[in-house]
Amino acid sequence: MTAVTTDPRPLTGEPVSLDLLNTRWMLDGEIADLFAGAFGLSRPEGLGLWLESTGLAGRFRADKSTLVHLLTAREAIARAVADPADEGARSLVDSVLEHGRIRATLTAEGPGERAEFADPSWGPAWTAARDYLGLLATAPDRIRKCASETCVLHFHDTSRNGTRRWCSMAACGNRAKASRHYARTRER
């Protein structure tokens with residue numbers, strides 16, 4: 001098997017917290033996981049690919065401890081997205097956030113902020129959890145799971161009227177439309 005050099009995930013480019021959730025997706029009826037050591041990638045290579053795709057590669061290392069912390073954040077965010085009222089999920093997100101902080105700075109452009117971590121291996125996990133808080137603060141109702149029953153992907157609905165239902169019209173949306181069309185033609 002040849003090593004994968006491009007991201008095999010069907011949906012990328014979402015905010016970092018949702019992009020982390022989308023490191024698990026459905027492939028031929030089974031859950032695929034970018035961090036599981038599949039697709040010709042080792043676990044650190046899958047992590048490296050994700051760090052690269054999210055713009056975090058230059059700041060953080062793709063090592064075992066970073067992966068363990070990132071998996072903790074993925075589980076915490078997944079639980080919080082699935083049930084915002086789940087107190088345990090909120091506690092898990094908070095426990096990830098305890099590993100970093102924002103330091104106010106003064107830059108040549110004016111006031112700024114810089115994330116700080118006692119242990120840099122928590123950086124990507126903390127960044128994803130912090131991003132999730134940002135989405136909750138600005139548009140919690142726009143955090144969506146794909147409407148397809150067979151899809152596990154999440155997206156941030158940036159459509160003007162806020163009615164996006166599918167992770168991708170080319171994939172899940174098209175399958176739903178084709179299914180409806182088939183049902184209508186069978187009725188005739």
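Q: How should the environment of Arg142 be read in this particular structure?
A: Mapped onto the elements of the fold, Arg142 is located in the loop between helix 5 (123-138) and strand 5 (143-145). Separated by 15 residues in sequence, Arg142 and Asp157 have C-alpha atoms that sit 4.9 Å apart. In contact with Arg142, other than residues within four places in its own chain, are Phe155, His156, Asp157, Thr158, Ser159, Arg160, Asn161 and Gly162. Separated by 2.7 Å, the side chain of Arg142 and the backbone oxygen of Ser159 make a polar contact.

Q: Help me out: how do you make sense of unusual backbone geometry in this one?
A: Trans peptide bonds make up most of the peptide bonds, and negative phi angles are found at most residues other than glycine. At Asp28, a position not held by glycine, the phi torsion is positive, near 55°. Positionally, Asp28 belongs in the loop between strand 1 (24-27) and strand 2 (30-33). Residue Phe39 is not a glycine yet carries a positive backbone phi of 60°.

Q: I'm lost on helix 4 (residues 87-97) in this one. Help?
A: Since the α-helix packs 3.6 residues into each turn, any two residues three or four apart lie on the same face. Where helix 4 is concerned, the buried positions are Ala89, Val93, Val96 and Leu97. Down the axis of helix 4, the buried set is contained in an arc of 105°. They therefore lie on one face. Buried residues belonging to helix 4 abut helix 3 (64-82) and helix 5. With a side-chain oxygen positioned 2.9 Å from the backbone nitrogen of Gly88, the residue opening helix 4 is Asp86.

What counts and what doesn't
Within each chain, residue numbers correspond to sequence positions counted from 1 in written order. In view of the model being predicted, local features appear only for residues whose pLDDT reaches at least 70, and side-chain atom pairs are presented and counted only at 80 or more, with totals across whole chains, interfaces and linings using the full set of residues. Computation of side-chain values: all heavy atoms of the structure, hydrogens and water removed. Only DSSP runs of H or I with at least four residues qualify as helices, and only runs of E with at least two residues qualify as strands; both kinds are numbered from the N terminus onward. The criterion used for residue contact is that any of the two residues' heavy atoms lie within 4.5 Å. Under the rule applied, a polar contact is a pair of N or O atoms within 3.5 Å (in protein, one hydrogen donor and one hydrogen acceptor; residues adjacent in sequence only if both atoms are side-chain atoms). Exposure categories follow from relative accessible area, calculated using a 1.4 Å probe and restricted to protein chains: below 20% of the type maximum is buried, above 50% is exposed, and the middle band is partly exposed. Think of the arc as the fan of directions from the helix axis to the C-beta atoms.

Such coordinate-based values are descriptive only and should not be taken to indicate function.
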